[in-house]
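Letter by letter, the chains look like this.
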Amino acid sequence: MANGDGKVNWGMIRDVAQYLIYPILMALVYLMMQNQALDRRLSTIEIVTSRPVVDIESVRKIAVIEDRQNRNIQAVLEIKGELDKHRELSEVTGYRKR
């Protein structure tokens, strides 16, 4: 086959192609692996960005309210314990409200 004034050496093209086929295939496999990794990274980014924004001030207020509730519950339990002691002592001493 004529190529301008010269001829194409198909034997040389075949020899070069035989040596280049493996690096080309490896490059294609590498690109496919990178594409899959990119898909995984994109899905991770989508999950992270779809989470709601956390309002730190609200979380602090909730923590303060919970702490106060725990202290109040503890105080009520202490008062109940004192009341139970008082009732036991009242029954032991014989003083009973009728």
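Since the model is a prediction, treat every value here as computed from it, not as a measurement.

**Q** What exactly am I supposed to notice about the overall build of the protein chain here?
**A** Along its length, the protein chain carries two helices and two strands. When the helices and strands of the protein chain are placed in sequence order, the string is β-β-α-α. Of the roughly 9,900 Å² that the protein chain leaves accessible, carbon and sulfur atoms contribute 62%.

**Q** Would you mind going over the pattern of salt bridges with me for this structure?
**A** As a working rule, side chains carrying opposite charge can pair if their charged atoms are close by. One pass over the structure, following the stated rule, counts five salt bridges. A salt bridge links Arg-14 to Asp-15; the shortest N-O distance between them is 3.8 Å. Owing to a relative accessible area of 32%, Asp-15 belongs among the partly exposed residues under this scheme. Note that Lys-80 is salt-bridged to Asp-84, the shortest N-O span being 3.6 Å. Remark: Asp-84 and Lys-80 occur in helix α2 (residues 56–93); sequence separation between them is four residues, near one turn of the helix. Using a relative accessible area of 49% as the deciding quantity, one classes Lys-80 as partly exposed.

**Q** I keep staring at a nonpolar patch on the surface and nothing clicks. Help me out?
**A** A cluster of nonpolar side chains, contributed by Met-12, Val-16, Leu-20, Ile-21, Tyr-22, Ile-24, Leu-25, Leu-28, Tyr-30 and Leu-31, occupies part of the molecular surface with about 1,000 Å² of accessible area. Relative to the helices and strands, Ile-24 is located in helix α1 (residues 10–50).

**Q** Help me understand the confidence of the model for the protein chain in this model?
**A** Low pLDDT marks stretches whose predicted atomic positions should not be read closely. Taken as a whole, the protein chain shows an average pLDDT of 83; of its residues, 89% reach a score of 70 or greater. Looking across the protein chain, the model is least confident in strand β1 (residues 2–3), with a mean pLDDT of 52, and most confident in α2, with 90.

**Q** For this particular structure, what's the right way to read α1?
**A** Between the first and last C-alpha of α1 there are 57 Å, a value that for 41 residues agrees with the 60 Å anticipated at 1.5 Å per step. The largest bend in α1 comes to about 35°, at Leu-20, with the proline Pro-23 one to four residues further on. Taking the backbone nitrogen of Gly-11 as reference, a side-chain oxygen 3.3 Å away marks Asn-9 as the first, capping residue of α1.

Rules behind the numbers
- Residues numbered from 1 in each chain as written.
- Predicted model: local features only at pLDDT ≥ 70, side-chain atom pairs only at ≥ 80, totals over all residues.
- Heavy atoms only, no water.
- Helix = DSSP H or I, 4+ residues; strand = E, 2+ residues; numbered from the N terminus.
- Areas by Shrake-Rupley, 256 points an atom, 1.4 Å probe, with all protein chains shown as cover.
- Salt bridge = Lys/Arg side-chain N within 4 Å of Asp/Glu carboxyl O.
- Buried < 20%, exposed > 50% of the residue type's maximum accessible area, 1.4 Å probe, protein only.
- Patch = residues over 30% accessible without salt bridge, like charges linked within 9 Å, V, L, I, M, F, W, Y side chains within 5 Å.
- pLDDT = per-residue confidence, 0-100.
- Expected span 1.5 Å × (residues − 1).
- Bend = angle between axes of the 7 residues up to and from the residue.
- Polar contact = N/O pair within 3.5 Å; in protein donor to acceptor, adjacent residues only side chain to side chain.

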